[in-house]
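What follows is the residue order along each chain.
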Amino acid sequence: MLEGPKVSQSELAKRFGVSQPQICRIIKNKERILSEWHRNGDPERKRKREGKDAALEAALLRWVEGARAADLPGTGSLLHLKAKHLAEALGRPDPEPSGGWLACFGARHNLAFKKPPAEKGDAEQPTAEHWASTVLPGLLRSYAPSEIYVCGETGFLLPTVSPGKGENAGDRLTLLLCTNADGSEKAPLRAVGESPRPRCLQGVNLGQMPWSYRAGSLAGVTAPLFTEWLREFNEGMRRQGKSVLLLLAKHEAHPYLQLSNVRMVFIPPATTLDRGIANDLKGHYRRRLLRWLPVERSVGQPTLLDALHMLAQAWGDVRPGLIASCFHAAGFSPDAGAETPALTPVSGLLSQEELERNREPADGDEGTSEGEDAGEPVQPCPSEQEVWGSLATLRRYLECRATSPDLFQAFYELEDVVHMVSAS
């Protein structure tokens, strides 16, 4: 209309029911308005609404345009992860973008994301029987048992805690488990809870714990959280110089990624490879939870931090022989047809007889030796409450000052020895 026969601004204002100054501003900014309209992803949009973070939105849009120009697959979970990384790079105080912000971003720029195509031979298997007879044998011939890993998730309910501890009664926790076929390597536990900043974790050097904690929606593993874990796992394999096979269930929270040292293979839904491992972990955790002594320790029920340590100990209690037998039973082992070896308990602690023998004084130990000062006071034996308090102090020191997660293995063994001595 502006390019046609000349019409007065007053007549245009009457025709469209707006004021004459508004028509004047539109004519004055005609080039800018047309340029923004051409760049707009949704031509039907009548208003120009900017996001709350223009810099983040501009950077994310440039990344989306570059990914599409390179013909890279784009998904909503990948967009969420990239937005988080960009927000961290821009120094935003809360780098986790909300689902509403991403939805509005996609609507403003008319973005639609599809699920990534499945990888032939990996992500799509017609039936469990066909996959086990055709795909699995080739995989087992290409990788040694120490190079075949399984990844799965299992849920836990935290024990009820007293008010003021930072967690609610019955809070749910999801654990991400990963181990190889011969049980020689178990990845550190990744725990996902609902609370983004649990008070009991304040002051803890989380980077040096034998476990890691993340916050997720409804305490579940989301696609961004799983992608983060996958990249960390791949980096760990790269540092070890290993190329491994990762077996996992097909799920919307498990996006397929092309990684340098990890080949992802989705197993049929009917396969329950990790169920026996998870059940054994839960059994060890329940045993340690029942062993908790609230009367002696005078601290009430365990907190989230206590539960994470008990879960790490229980994960260490899962024996390599049991893991190997689970792989054998599911057929995920080159010699799966061979007889599964019987599991024998691994004794890493003193037996009851040894404890009784060590408690008996040796000949010559009783009484006062010659030359000793008979008047020197004898140091009294500490009570169990004092022992547990000392262990709690030592654990807190390690939580704040530890330089390696391996230090906690020695602490866990010391705690087990004290438990056995106390029980005897």
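Notes on the structure follow. Since we're looking at a predicted model, the values are computed, not measured. (Residues numbered from 1 in each chain as written. Predicted model: local features only at pLDDT ≥ 70, side-chain atom pairs only at ≥ 80, totals over all residues. Heavy atoms only, no water.)

## A short note on the pattern of salt bridges
A full pass over the atoms with the stated rule returns 14 salt bridges. One salt bridge connects E232 with R190, and the closest N-O pair in it is separated by 2.5 Å. Of the two residues, E232 sits in helix α8 (residues 223–240) while R190 sits in strand β3 (residues 189–193), which places them 42 residues apart along the sequence. Take E232: its relative accessible area is 37%, and that puts it in the partly exposed class. For R190, a relative accessible area of 5% translates into the label buried. Salt bridges linked by common partners bring R287, R288, R291, D317 and D416 together as one network. (Salt bridge = Lys/Arg side-chain N within 4 Å of Asp/Glu carboxyl O. Helix = DSSP H or I, 4+ residues; strand = E, 2+ residues; numbered from the N terminus. Buried < 20%, exposed > 50% of the residue type's maximum accessible area, 1.4 Å probe, protein only.)

## Describing the nonpolar core
Ranked by internal contacts, the top residues of the largest apolar core, which has 53 residues, are L173 and W211. Residue contributions to this core peak at nine residues, all from helix α11 (residues 304–317). Discounting residues that sit within four places of it in the chain, L173 has contacts with T154, G155, F156, L158, A191, V192, G193, Y213, L304, L308 and L311. One finds Y149, L225, L230 and F233 within the second-largest nonpolar core, a separate group that totals 22 residues. (Core = buried A, V, L, I, M, F, W, Y, C linked by side-chain atoms within 4.5 Å. Contact = heavy atoms within 4.5 Å.)

## Focus on the environment of L177
Within the fold, L177 resides in strand β2 (residues 172–180). For L177, a relative accessible area of 7% gives the class buried. In this structure, the C-alpha to C-alpha distance between L177 and A187, residues ten residues apart in sequence, is 7.2 Å. With residues near it in sequence (within four places) discarded, L177 still touches V150, C151, G152, T154, L189, A278, L281 and W315.

## Considerations on the pairing of strand β5 (residues 244–249)
β5 sits mainly inside the fold: five of its six residues count as buried. Two strands pair when backbone bridges link them, and strand β1 (residues 148–157) and β5 are joined in this way by three bridges, in the parallel orientation. Among the inter-strand pairings, V150 is bridged to a residue of β5, identified as L247. Inspection of the sheet shows β5 paired to strand β6 (residues 262–267) by six bridges, in the parallel sense. For V244, the partnering residue across the bridge sits in β6 and is V262. (Pairing = 2+ DSSP bridges.)

## A closer look at the side chain of H309
Turning to its location among the elements, H309 is positioned in helix α11. Judged by relative accessible area, H309 falls into the buried class, the value being 2%. A distance of 2.8 Å separates a polar atom in the side chain of H309 from a polar atom in the side chain of E399. Here Y412 takes part through its side chain, which lies 2.7 Å from a polar atom of the side chain of H309. Apart from residues lying up to four places away in sequence, H309 is in contact with M209, W211, R395, E399, F408 and Y412. (Polar contact = N/O pair within 3.5 Å; in protein donor to acceptor, adjacent residues only side chain to side chain.)

Such coordinate-based values are descriptive only and should not be taken to indicate function.
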